[in-house]
Amino acid sequence: MAEPVLEIRNLNKSFGALKATDDVSLDLMPGEIHALIGPNGAGKTTLIHQIAGSLKPGSGTINFLGRDIGALGVSERTRLGLGRTFQISSLAPEFSALRNVMLAVQARQGSSFRFFRPVMRDATLTEPAMAALERVGLGDRARISAAELSHGERRQLEIAIALALGSKAFLLDEPMAGMGPEGSKTLTTFLDGLRREAPILLVEHDMDAVFALADRISVLVYGRVIATGTVEEIRRDPEVRRAYLGDQD
Ligand SMILES: Nc1ncnc2c1ncn2[C@@H]1O[C@H](COP(=O)(O)OP(=O)(O)OP(=O)(O)O)[C@@H](O)[C@H]1O
């Protein structure tokens, strides 16, 4: 059997008396979309922060591509290929969409001596950046500043940045949030294809998107994984229905 791309074992994180992450173990396999669902405050974002490196776990291990990344910072994890989008945007708002992605391309190329060239005409930066924008459907918005993009477009731009960074797995925290039905549909189609390139750990409240996309779902309640399974297994699970799905089905 294939090795997991991401392997989380017995992760714990407390905020004072609150156990936000309670002995969480989960895998992200090559080519899969693994959705993480659960009620507000269940600990989904806290878990993503620990995997991304912006929050230190109390205990437990995180392996990425066979390597223990527990001691690494956010940028080292990004360099290894752990791409993420945020609930709160991390874009440079005054820069164009293209320039935002070019910064990622530049970071990946590791060069800091480009100041001597007019950056916006440097094809080694503009071409891969345009390619990433086109892949997420933002090709015709390249020259618009990030601040002027719609909420949904900013999410697409963050994914373009993660692509340009050469991500080997994606951590997506509520990418559909604030999107209309059309935007959600477009993003769903895009993510469906993206999984072939790199697996996705997807935190999402939009159950239509989750049920359409997920190969597996893990359900988090009070920081604990109460079930992991296929869409059908999760839909049928009586504990999940009681704790989370309720009458959404
Ligand atoms: N820095 C912090 N200090 C104290 N408590 C925190 C901190 N961050 C999160 N929490 C608490 O940890 C719990 C889990 O929060 P988290 O944001 O991870 O949940 P979530 O499942 O992502 O929720 P939502 O679906 O609303 O985004 C909540 O009770 C939250 O109040």
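Residues numbered from 1 in each chain as written. Predicted model: local features only at pLDDT ≥ 70, side-chain atom pairs only at ≥ 80, totals over all residues.

Considering the sheet that holds strand β7 (residues 169–173)
Taken in spatial order, the six strands line up as β6-β7-β8-β3-β9-β10 in an open sheet, and their pairing is mixed. Each of the sheet's edge strands pairs with one partner strand only, and the pair in question is β6 (82–85) and β10 (224–229). Sheet twist, expressed as the average angle between the axes of neighbouring strands with direction ignored, equals 15 degrees. As paired elements, strand β3 (residues 33–37) and strand β8 (residues 200–203) share four bridges and run parallel to each other. Looking at β8, one finds that Ile33 is bridged to Ile200. Most of the contacts of helix α5 (residues 151–164) go to β6, to which it runs at about 170 degrees, and overall it touches β6 and β7. (Pairing = 2+ DSSP bridges. Helix = DSSP H or I, 4+ residues; strand = E, 2+ residues; numbered from the N terminus. Axes fitted to C-alpha atoms, helices over the stretch in contact; angles between N-to-C directions. Contact = placed C-beta atoms within 7 Å.)

Focus on the site of the ligand
Taken together, Phe15, Leu18, Ala20, Gly38, Asn40, Gly41, Ala42, Gly43, Lys44, Thr45 and Thr46 make up the full set of residues near the ligand. Taken together, the elements giving at least two residues each to the shell around the ligand come down to β2 (18–28) and α1 (44–52). Here the shell around the ligand takes three residues from α1, the largest share from any one element. Taken together, the residues of the shell around the ligand sort by class into four nonpolar, six polar and one charged. (Near = placed C-beta within 6 Å. Nonpolar A, V, L, I, M, F, W, Y, C, P; charged D, E, K, R; others polar.)

Here's the deal with the packing of helix α4 (residues 123–135) against α5
One way to put it is that α4 packs onto α5 with a least axis distance of 9 Å and a crossing angle of 135 degrees. Relative to α5, the element α4 lies oblique. With respect to the hand of their crossing, α4 and α5 are arranged in right-handed fashion. Packed against α4, whose contacting residues are Pro128, Ala129, Ala132, Leu133 and Arg135, the element α5 presents Ala160, Leu163 and Ala164 at the interface. Partitioning the contact of α4 with α5 into residue classes produces seven nonpolar, no polar and one charged. (Parallel < 35°, antiparallel > 145°, perpendicular 65-115°, else oblique. Left-handed = near helix turned anticlockwise from the far one by under 90°.)

Structural notes on the nonpolar core
Val101, Ala129, Leu133, Ala160 and Ala164 are the most contacted members of the largest nonpolar core, which totals 68 residues. Element by element, the count of residues in this core is highest for α5, at seven residues. Inspection of this core shows a minimum of three residues originating in each of domain 1 (1–81 + 168–249) and domain 2 (91–165). (Core = buried A, V, L, I, M, F, W, Y, C linked by C-beta atoms within 7 Å. Buried ≥ 20, exposed ≤ 12 C-beta atoms within 10 Å, placed from the backbone. Domains from an automatic or database assignment.)

A look at the environment of Gln109
Relative to the assigned elements, Gln109 resides in helix α3 (residues 97–109). Gln109 sits in the exposed class, given 12 other C-beta atoms within 10 Å.

Observations regarding the environment of Arg216
With respect to the helices and strands, Arg216 occurs in strand β9 (residues 216–221). Distance in space between the C-alpha atoms of Arg216 and Glu32 is 7.7 Å, their sequence separation being 184 residues. Not counting the four nearest positions on each side in its chain, Arg216 is found in contact with Glu32, His34, Thr228, Gly229 and Thr230.

Thoughts on the domain arrangement of the protein
Here the protein is described as being made up of domain 1 (1–81 + 168–249) and domain 2 (91–165). A separation of 26 Å is found between the C-alpha centroids of domain 1 and domain 2. Counting residues at the interface gives nine residues for domain 1, matched by eight residues for domain 2. In terms of residues, the side of domain 1 that touches domain 2 owes the most to one element, helix α6 (residues 181–194), which gives four residues. A class-by-class count of the residues in the side of domain 1 that touches domain 2 yields five nonpolar, four polar and no charged.

A few points about the sheet that holds β2
Sheet architecture is open: four strands sit in the order β2-β1-β4-β5, paired in antiparallel fashion. The open sheet has two edge strands with one neighbour each: β2 and β5 (67–68). Pairing of strand β1 (residues 6–15) with β2, which is carried by seven bridges, proceeds in the antiparallel orientation. When the sheet's bridge partners are listed, Leu11 is paired in β2 with Val24. Contacts between α1 and the sheet are confined to β1, β2 and β4 (59–64), with β2 contributing the most and set at about 60 degrees to the helix.

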